[in-house]
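Coordinates in review
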Amino acid sequence: MRFRIASETLEGLFAEAVAALTEFMQPAFIDDVVSASFELDAIDTTSLLVDFLSEVLTRCHVRHEAYESVVFASLDALSLRASLRGRKARAFGEDVKAVTYHEAEVVQREGGWSTMLVLDI
Amino acid sequence: MRKQDLHRIHDNLWEIPQTHRGDMRVPARVYTNERMLEQIVSDRSLEQLVNVATLPGIQRYAIAMPDVHEGYGFPIGGVAAIDPGEGVISPGGIGYDINCGVRVLRSNQTLDDIKPVIRKLAHSLAREIPSGVGRGGNLTLTKDDLDRVLRDGAKRAVELGHGTPEDLRHIESEGRITPNDPKYISDDAKQRGHDQLGTIGSGNHFVEIDVIDTIFDADAAQTLGLDENQIVVQIHTGSRGLGHQVATDWIRSMIKAMPKYGIHIPDRELACAPVQSDEGQKYLLAMASAANFAFANRQLITAGARRAWSHELGTSARLDILYDVAHNVAKFEEYDGKLLLVHRKGATRAFPGQPVLIPGSMGTASYLLMGQDGAMRETFGSSCHGAGRVMSRSAAKQKINGHELRARLEKMGIVAEAGSLKGLVEEAPEAYKDVDAVVGVVAQAGIAKRVARFKPVAVIKG
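**Describing the overall build of chain B**
What chain B contains, in helices and strands, is 16 helices and 19 strands. A compact globule built from 462 residues would reach a C-alpha radius of gyration of about 23 Å, and chain B, at 21 Å, matches this within 12%. Considering only C-alpha atoms, chain B reaches an extent of 60 × 50 × 45 Å along its principal axes. Across the 462 residues that make up chain B, the buried fraction comes to 66%.

**A look at the overall build of chain A**
Each helix and strand counted, chain A has two helices and seven strands in total. Each helix and strand of chain A, placed in order from N terminus to C terminus, yields the pattern β-α-β-α-β-β-β-β-β. Along the longest, intermediate and shortest principal axes, the C-alpha atoms of chain A span 40 × 30 × 25 Å. Burial analysis of chain A (121 residues in total) assigns 59% to the buried set.

**Side note on the environment of V457 of chain B**
Residue and element names in this part refer to chain B. Counting through the fold element by element, V457 comes out in strand β19 (residues 448-461). Spatially, the C-alpha atom of V457 lies 9.2 Å from that of K115, the residues being 342 residues apart in sequence. Excluding residues that lie within four positions of it along the chain, V457 makes contacts with L111, I118, I209, D210, V211, G413, I414 and V415.

**Observations regarding the pairing of strand β1 (residues 7-10) of chain B**
All names here are of chain B. One ladder, built from three bridges, connects β1 with strand β2 (residues 13-16); its direction is antiparallel. By the bridge assignment, H7 is partnered in β2 with E15. Linkage of β1 to β2, two consecutive antiparallel strands, is achieved through a turn of two residues.

**Details of the sheet that holds strand β4 (residues 58-69) of chain B**
Residues and elements named next belong to chain B. The mixed open sheet is built from seven strands, whose spatial order is β1-β2-β3-β4-β5-β13-β12. The sheet is open, and its two borders are formed by β1 and β12 (328-335), each paired with just one other strand. For this sheet, the mean angle separating the axes of adjacent strands, direction not counted, is 25°. Against the sheet, helix α2 (residues 45-52) engages β2, β3 (28-31), β4 and β5 (76-82), with an angle of about 160° to β4.

**Observations regarding the pattern of salt bridges**
Residue and element names in this part refer to chain B. A complete count under the given rule lists 50 salt bridges over all chains for this structure. Here R103 and D324 are joined by a salt bridge, their closest N and O atoms 2.7 Å apart. With R103 in strand β7 (residues 101-110) and D324 in strand β11 (residues 319-326), this residue pair connects regions lying 221 residues apart in the sequence. We classify R103 as buried; its relative accessible area is 0%. The residue R349 makes a salt bridge to E172 at a minimum N-O spacing of 3.9 Å. Of this pair, R349 sits in strand β14 (residues 348-349) while E172 sits in the loop between α7 (165-168) and α8 (187-193), and the two are 177 residues apart along the sequence. Summarising the burial analysis for this pair, R349 and E172 share the class buried.

**As for the packing of helix α10 (residues 240-261) of chain B against helix α11 (residues 278-313) of chain B**
Residues and elements named next belong to chain B. Between α10 and α11, the least distance of the axes is 10 Å, while the angle of their chain directions is 170°. In terms of their interaxial angle, α10 and α11 are classed as roughly antiparallel. Contacts between α10 and α11 pair R240, L242, G243, V246, W250, S253, M254, A257, K260 and Y261 from the former with D278, E279, G280, K282, Y283, A286, A290, F293 and N297 from the latter. Of the residues that constitute the contact of α10 with α11, the class distribution is ten nonpolar, four polar and five charged.

**Focus: empty space enclosed by the protein**
This model, assessed by the stated rule, comprises one cavity of 30 Å³ or more. By volume, the largest cavity is sized at about 40 Å³. Every residue along the wall of the largest cavity is listed here: K97 of chain A together with D97, I200, G201, S202, H205, R240 and H244 of chain B.

**Some points on the interface of chain B and chain A**
Contacts between the two partners involve 26 residues from chain B, matched on the other side by 32 residues from chain A. Roughly 2,500 Å² is buried in total at the junction of chain B and chain A, and carbon and sulfur atoms are behind 49% of that figure. The largest per-residue losses of area from chain B upon contact with chain A belong to Y72, R252 and R268 of chain B, which jointly make up 27% of the total buried on that side. Measuring nitrogen to oxygen at the nearest pair gives 3.3 Å for the salt bridge that ties D41 of chain A to K256 of chain B. One can count 16 residue pairs in polar contact (both at pLDDT 80 or more) joining chain B with chain A. Breaking the side of chain B that touches chain A down by element, the ones donating at least two residues are α8, α10 and α13 (393-399) of chain B. When residues in the side of chain B that touches chain A are grouped by element, the largest group, seven residues, is from α10 of chain B. Of the residues in the side of chain B that touches chain A, the class split is five nonpolar, ten polar and eleven charged.

**Here we look at the nonpolar core**
Counting residues in hydrophobic clusters, the biggest one holds 143 residues, and the most contacted among them are F14, F52 and L80 of chain A together with L46 and I209 of chain B. The element that contributes the greatest number of residues to this core is α11 of chain B, accounting for 15 residues. For I209 of chain B, the contacting residues outside a window of four places in its chain are I114, I118, L121, L125, I231, V232, W309, K455, P456, V457 and A458 of chain B. Within the second largest apolar cluster, 48 residues are counted, among which are L13, M65, F206 and V435 of chain B.

Rules and cut-offs
Residues numbered from 1 in each chain as written. Chains lettered and ligands numbered in written order. Predicted model: local features only at pLDDT ≥ 70, side-chain atom pairs only at ≥ 80, totals over all residues. Heavy atoms only, no water. Helix = DSSP H or I, 4+ residues; strand = E, 2+ residues; numbered from the N terminus. Rg over C-alpha atoms; globule rule 2.2 N^0.38 Å. Buried < 20%, exposed > 50% of the residue type's maximum accessible area, 1.4 Å probe, protein only. Contact = heavy atoms within 4.5 Å. Pairing = 2+ DSSP bridges. Axes fitted to C-alpha atoms, helices over the stretch in contact; angles between N-to-C directions. Salt bridge = Lys/Arg side-chain N within 4 Å of Asp/Glu carboxyl O. Parallel < 35°, antiparallel > 145°, perpendicular 65-115°, else oblique. Nonpolar A, V, L, I, M, F, W, Y, C, P; charged D, E, K, R; others polar. 1 Å grid on protein atoms, 1.4 Å probe; cavity = no way out; pocket = protein on both sides within 12 Å on 5 of 7 lines; lining within 4 Å. Points joined across faces, edges and corners; volume = space filled by probe spheres on them. Buried area = accessible area lost by both parts, 1.4 Å probe. Polar contact = N/O pair within 3.5 Å; in protein donor to acceptor, adjacent residues only side chain to side chain. Core = buried A, V, L, I, M, F, W, Y, C linked by side-chain atoms within 4.5 Å.

See below:
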């Protein structure tokens with residue numbers, strides 16, 4: 001499953017990635033609100049985004065949660081500190097097995113940031 | 001890649017010379033006929049094969065099988081043999097679904113025996129063997145239990161009562177790869193896998209009842225206990241979420257480690273580390289543990305199939321393991337007196353005399369082959385692993401009508417027990433290459449010979 005995401009800001013791009021993942025996974029939400037915080041670093045911004053989304057996906061699988069918003073305490077080209085908010089999920093309509101680096105390349109051009117993302121389903 | 005970039009070696013083998021790109025360490029070779037080559041050059045699988053040819057330590061050729069298609073980093077249907085002394089291990093060369101593989105069970109029934117109960121049989125298999133998105137298994141393991149499965153593979157499943165010691169004799173590596181060490185599998189990976197043993201999952205995984213419609217080699221078939229009109233059961237699945245998490249964890253780790261080893265690769269999904277490095281050694285132990293999980297998974301599914309079989313056909317009805325092969329794994333093997341680490345991603349080991357299991361699509365045919373000497377000379381003991389996709393899942397969903405497909409399968413005499421029409425459509429026959437042509441190439445190239453062909457009777461998938 002491949003999709004292109006774009007945003008005016010780097011924070012917006014990362015938030016778009018979470019929103020796209022959650023929408024694609026079709027969570028059957030239950031109303032228990034959940035939150036999670038974590039830190040990451042990577043060798044470049046593309047790896048940072050893919051690793052970040054992988055971390056989100058892992059939490060979806062392990063904790064049976066899906067996330068609807070993300071706030072960054074810090075985010076630069078090589079590291080981040082993020083807080084996710086979402087709800088418990090009884091099940092998912094789509095099985096996303098992994099977030100891949102395939103075709104991913106975070107680029108900044110006039111008007112903002114964009115990349116392709118490919119999910120292994 | 002253009003067709004004119006390849007040189008024809010013979011009717012079933014084409015080569016991309018090392019001069020094609022400056023960073024190639026060896027040429028790249030593709031086993032295919034000219035007609036399928038037209039299809040192969042239409043995606044990026046051969047560009048990916050050229051990238052594989054740049055890996056440190058690669059020996060002789062980067063190899064693609066006729067079912068090759070675009071994957072993540074490595075093409076699916078790719079083989080790379082690496083000198084472990086100076087070369088690398090790449091998790092992408094094994095794939096996310098570590099030890100995805102195929103098991104064939106041989107029954108003592110004919111098509112006539114099961115015809116009256118085929119729907120009930122398919123339904124019983126679907127009931128005994130959970131499949132589809134998020135379906136957990138009937139066995140939930142504690143962390144210690146899971147670690148024993150990761151260490152002992154199918155053997156542990158048998159110890160827990162899901163099979164017999166005789167089963168292990170008919171599984172590649174007897175269902176347990178060593179050395180292994182579960183401590184290099186993250187808690188997240190273990191958590192993803194703890195309730196997934198005995199489940200098929202979604203995607204292209206399935207359990208299928210087949211009838212043997214053609215015997216090509218009577219002597220080999222007799223040795224394997226196969227005859228025309230006999231019923232067999234195929235199981236295609238792997239290490240589920242646990243394997244995917246292991247791959248995710250270690251690809252990430254190797255991307256970070258590569259700069260310290262001075263490794264530069266053209267695609268992040270080829271992330272790798274020297275075989276002898278700390279990361280390389282730990283990944284190998286983690287990969288072996290995940291592979292053992294997959295062997296145990298197929299063992300539990302076998303137990304479920306046996307329950308369904310005896311429930312519908314009586315206690316004299318048998319399902320014996322014919323063979324079980326991994327098609328996503330790396331193994332140390334000796335060629336010309338030299339130990340090599342052979343990465344097979346969507347490729348099956350095909351040692352001379354070894355059964356090679358080639359599932360086709362659910363509406364066409366599958367093959368049982370037997371490895372030949374040519375595999376040892378030319379392909380590091382490897383063959384194709386299936387038909388190979390020609391249409392993405394998204395494209396299949398757009399182009400194919402699920403109700404029409406189900407009706408078409410029914411008309412062909414194939415019962416489909418699918419969790420969703422979407423899952424069925426993604427695996428429609430037209431989404432795959434012509435398996436007869438794929439197998440024809442490996443047979444004509446002397447890699448593996450045809451022994452028997454299976455036609456589907458019922459398919460169970462998520």
